[in-house]
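If you want the building blocks of each chain, they are given just below.
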Amino acid sequence: MPKQEITTSNLRQPNGHFSQATTIEAKGKLVFVSGMTARRPDGTIAGIGDVSEQTRQVCENVKAAVEQAGGTLDDVCRVDVFVRNIEDFAKIHAVRREYFKSPLPASTMVEVSKMVFPEYLIEINAIAVIPEA
């Protein structure tokens with residue numbers, strides 16, 4: 001069974017780029033992606049002061065981890081997003097639309113007061129289910 005978005009009229013429709021819930025029959029490989037930040041492979045931080053550029057780098061990092069495990073971003077069923085400023089919601093979701101296609105992963109976004117490095121504006125962890133071949 002492929003990944004499916006779950007929607008119901010008993011819940012308000014999301015105002016961002018995510019589903020109310022996501023379901024997938026768990027036959028395959030589960031991939032738990034640690035919190036990804038805007039670190040580039042060379043160790044520098046992308047987009048200092050620019051949440052859109054940092055979100056793009058974070059999504060690229062999540063993508064790289066899932067692809068190394070044998071999947072694609074289409075296999076991502078859940079993301080948890082930690083941001084320094086919740087007012088950046090629309091900018092973050094604009095970038096997410098470039099990476100996550102329907103059926104969308106379930107998602108939580110919360111504002112946090114600090115991250116490991118003060119330059120980080122966003123961190124995302126993910127769960128993917130890569131179907132059996």
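Note that the structure is a prediction, hence the values are computed from the model and not measured.

A. Representation of the sheet that holds strand 3 (residues 28-36). The strand order across the open sheet formed by four strands is 3-6-4-5, and the pairing between neighbours is mixed. The open sheet has two edge strands with one neighbour each: strand 3 and strand 5 (106-111). Within this sheet the neighbouring strands show an average axis-to-axis angle of 5 degrees, counted without direction. Sheet strands in contact with helix 1 (residues 51-68) are strand 3, strand 4 (76-83) and strand 6 (122-131), and its direction is about 30 degrees off that of strand 6. Docked against the sheet, helix 2 (residues 89-99) engages strand 4, strand 5 and strand 6, running at close to 150 degrees with respect to strand 5.

B. How the structure looks around the environment of lysine 3. Along the chain, lysine 3 turns up in the segment before strand 1 (4-6). Lysine 3 has contacts with Thr22, Thr23, Ile24, Leu73, Asp74, Asp75, Val76, Cys77, Pro103 and Pro105, leaving out every residue within four places of it along the chain. Polar contacts involving the side chain of lysine 3 include one to the main-chain carbonyl oxygen of aspartate 74, which spans 2.9 Å. Within the structure, the side chain of lysine 3 is placed 2.6 Å from the backbone oxygen of valine 76, a separation counted as a polar contact.

Rules and cut-offs
Residues numbered from 1 in each chain as written. Predicted model: local features only at pLDDT ≥ 70, side-chain atom pairs only at ≥ 80, totals over all residues. Heavy atoms only, no water. Pairing = 2+ DSSP bridges. Helix = DSSP H or I, 4+ residues; strand = E, 2+ residues; numbered from the N terminus. Axes fitted to C-alpha atoms, helices over the stretch in contact; angles between N-to-C directions. Contact = heavy atoms within 4.5 Å. Polar contact = N/O pair within 3.5 Å; in protein donor to acceptor, adjacent residues only side chain to side chain.

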